[in-house]
Every structure is written in C-alpha cells, then in structure tokens.
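The residues making up each chain are set out below.
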Amino acid sequence: MNEFEPKVVAFCCQYCAYSAADLAGSMRLQYSPNVRIVKLMCTGKVDVIHLLKAFEGGADAVFVAG
Amino acid sequence: MQYAKKLLDEVGIDSRRVEMFNMGASDAQKFTGASDKMTERARELGPNPITAKKP
Amino acid sequence: MIVADRKPLEQISSMIEGNNKILIVGCGECVSVCMVGGEKEVEILASQLRMAAGKEGKKIEIGEATLERQCDKEYLELLKDRIENYDVVVSMACGAGVQFLAEMYDHKIVLPATNTRFIGVTEGEGVWTERCRACSDCVLAETGGICPVTICAKGLLNGPCGGTNDGKCEVSKEKDCAWTLIYNRLNKLGRLDSIREIFPAKKYNVQTRPGRRIHEAFKEKE
Ligand code: SF4
Ligand code: SF4
C-alpha cells in the first residue's frame, strides 16, 4: 500500500444526513470521495455493533450523521 | 458513542476514528464538513491497524 | 436479578491466548437485562476479539451462541454438538451459569467473561444497585422492606449505629444510612414500634455453603 486512501463509512439517517448528502451533490459541493454512505431509516437504529463491524471490515474512520 | 469509543480503545483502535454529527436535511455543508473532517482524521491516524496487518 | 460486569478485554484476551477456535456463549436472562452477557454483548465481544486478533495479524474463529439460560441443563444441552468444534468456551453468564456450563462439558475449558457482582434491581437506565445478600433468613418484614443486611455497611440488625449522620453512613457520605431509611419507612407506615424490638442474633447456620434447596414436591425422590 503506497498511497494510503482512507475508507470512511458514514451511517446516515435517510431524512436528515442522507438528504444533506444528496443536497451536497445537487449543489455540486466538493467533498471527500473516500466516504461510503450507509443509508438508514433513522440513525437511532445504529448500534455499537454496527460501528465495530465497520472497523472490523476495514474502515479507517466511521461517523454517524443524523 | 462513548461506549463505542471505549470498546474500540480496549481493542487498541484509536477512538478518534469514530464520531457522531448532528445535522438537518438542508445542511449540505455540514455533511461535507463532517466527511472531510473524518477523512482528514483517518489520514492523520493512518490505516486501520486491522487491515494494515492483512497481507 | 443477578448483576454482573464484563471483564476487561485484556483479561479475556489473555485467558484465551493461544486458542484459535473460541465459542462465546451468552445467557438470555439476568445478564441480558443488565447489558453484560446477552446476545448483543456476545456480538460485541466477538467483534472485539476478532479485531484484537486482526491487529496482531492473527486469525481466530469465533462462534456465537446465546442460550435462554445457562443455569438449566435443558438449555446447556443445546450446545452439545456445536461445542466440539471449539477449543475453548467463553461464557458470558453469571458465575453460576459459567460453572454449570463447565460442569456439563467438563472436557472443555470454560472461561468467564464476566465478574458477577450482586443480586439487585435496575435503579435507572444503565444503573443497577444491590438489594439482597441472599442471607437465607429474611428480615424485611421487620425493617419496612429495606434490607439492613445489604444496605447497612456493617450489616447491623439493630441500628442505627453511632455513626449515622444526617441520613448518611459514617463509612461514606455517598451512602445512605440504611437505618435512617428504615426509620423513615417505618414512620411512614406507622410501625415505628418495630424498630424498638431487639433482633436476636441472626441465624447464620442457615447460610451453609453451598446453598441447596429442594422443593417439597420433589423431596421424596431425593
Ligand atoms: S434480609 Fe436482606 S439479605 Fe437477607 S434475604 Fe432478606 S433482603 Fe436478602
Ligand atoms: S451509619 Fe447507618 S448504614 Fe452506616 S453502618 Fe451505621 S447504621 Fe449502618
């Protein structure tokens, strides 16, 4: 691995953060291409185990947005 | 979030790798900000120590 | 309910050191309720152990199972075939569950992932407090439903002692004086006369170890 490109996982609530991400797209805002979005009905559903599993799966950073 | 951080620290994964952000549906900037911030942080902290060990 | 704590990951890791196939067994009763050894916590521990191993570049195989209870043979039996595929078993039940599991599968190494703390109640979200020491000779009838054996730092049956101070215990300002609580409760119940009665020495002879109880209906069989 020469050039380290971090993998970032974002758990997003369908109604707020996902819409915000969507809007960022339509506004043509530049943002990190390293982010992979996981869309959820509500971030209230995110449990610690999901965060741990993301790291187990190789994520370099994880955030929850809602 | 505190709990997740503690569990990660126990394993030896820097708990700064995980964060929570609050935003509304129209907060596009907040979302891009959060994305950039976490990508930056991951760059600082380097690769996830688990994948780093994988051949 | 029986309340437990999870052991630190470091301790669990060192217990399983050198074994590659680990079965983590949760319990669906008390330890599930106090969020230490149920299905969810089994998943969390499994994930932590896998990550810890991954960090060292090691590969381990972890099985996850959560039984209804670990203090009943009927449920433990369900592991019969599965358990053979693993080198060690990590039980997340209370100490009783761990032992019963170890007894049934006495050819396997069974390790505890929890520290069993006490018999208690859920005081608030994520907070549990001790209420009973299982003394086998309950005095709650005379103490307004507050247990001095458990709540009083000295376990006094004829309190309060001279250390009671504005409702707090002399042992620690954080602790309520059990006997002040008892006084107030008896007062509220109009039963203050009860506090004047002197308790005779407690029947410690009923606290034999290990405790054993046989239901009347089953005594003949014994
Ligand atoms: S007196 Fe206290 S310790 Fe004894 S059985 Fe009653 S509640 Fe439990
Ligand atoms: S101050 Fe109250 S609770 Fe503390 S030891 Fe004395 S009687 Fe028990």
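Residues numbered from 1 in each chain as written. Chains lettered and ligands numbered in written order. Predicted model: local features only at pLDDT ≥ 70, side-chain atom pairs only at ≥ 80, totals over all residues. Heavy atoms only, no water.

It is worth spelling out the site of ligand 1 at this point. The full set of residues close to ligand 1 is C132, R133, A134, C135, C138, V139, L140, C147, V149 and T150 of chain C. Along the lines of polarity and charge, the residues of the shell around ligand 1 split into eight nonpolar, one polar and one charged. (Near = heavy atom within 4 Å. Nonpolar A, V, L, I, M, F, W, Y, C, P; charged D, E, K, R; others polar.)

Moving on: the interface of chain B and chain A. Across the boundary between the two partners, chain B contributes 33 residues, which contact 35 residues of chain A. Three residues stand out in chain B for area buried against chain A, namely A25, F31 and R43 of chain B, and they jointly supply 20% of the buried area on that side. The tally of links between chain B and chain A comes to one salt bridge. A salt bridge links R43 of chain B to E5 of chain A; the nearest nitrogen and oxygen atoms lie 3.5 Å apart. At the boundary of chain B with chain A, the tally comes to 13 residue pairs in polar contact (both at pLDDT 80 or more). Those elements giving two or more residues to the side of chain B that touches chain A turn out to be α1 (2-11), β1 (18-21), α2 (28-45) and α3 (49-53) of chain B. If one sorts the elements of the side of chain B that touches chain A by residue count, α2 of chain B sits on top with eleven residues. Of the residues assigned to the side of chain B that touches chain A, the class counts are 18 nonpolar, ten polar and five charged. Pairing analysis gives four bridges linking strand β3 (residues 61-65) of chain A to β1 of chain B, with the strands arranged parallel. (Contact = heavy atoms within 4.5 Å. Buried area = accessible area lost by both parts, 1.4 Å probe. Salt bridge = Lys/Arg side-chain N within 4 Å of Asp/Glu carboxyl O. Polar contact = N/O pair within 3.5 Å; in protein donor to acceptor, adjacent residues only side chain to side chain. Helix = DSSP H or I, 4+ residues; strand = E, 2+ residues; numbered from the N terminus. Pairing = 2+ DSSP bridges.)

A separate point is helix α7 (residues 178-188) of chain C. All names here are of chain C. Along α7, the residues classified as buried are A178, W179, I182 and L186. The buried residues of α7 all sit within an arc of 90 degrees when viewed along its axis, so they share a single face. Summarising the contacts, the buried residues of α7 are in contact with α6 (148-151), β9 (172-176) and α8 (193-196). Remark: G190 follows α7 within two positions and exhibits a positive phi of approximately 65 degrees. (Buried < 20%, exposed > 50% of the residue type's maximum accessible area, 1.4 Å probe, protein only. Arc of directions from axis to C-beta.)

Once that is clear, we can look at the side chain of S35 of chain B. Structurally, S35 of chain B is set in helix α2. Once you skip the residues sitting within four places of it in the chain, S35 of chain B turns out to touch Y31, S32, V35 and F63 of chain A.

So, on to the sheet that holds β3 of chain A. Pairing is parallel across the open sheet formed by four strands, whose spatial order is β2(A)-β1(A)-β3(A)-β1(B). Both outer strands of the open sheet, β2 (35-40) of chain A together with β1 of chain B, are each paired with one neighbouring strand and no more. Averaged over all pairs of adjacent strands, the angle between strand axes in this sheet comes to 20 degrees, irrespective of strand direction. Across five bridges, strand β1 (residues 8-13) of chain A lies against β3 of chain A in parallel orientation. Its bridge partner lying in β3 of chain A, V8 of chain A is registered against A61 of chain A. (Axes fitted to C-alpha atoms, helices over the stretch in contact; angles between N-to-C directions.)

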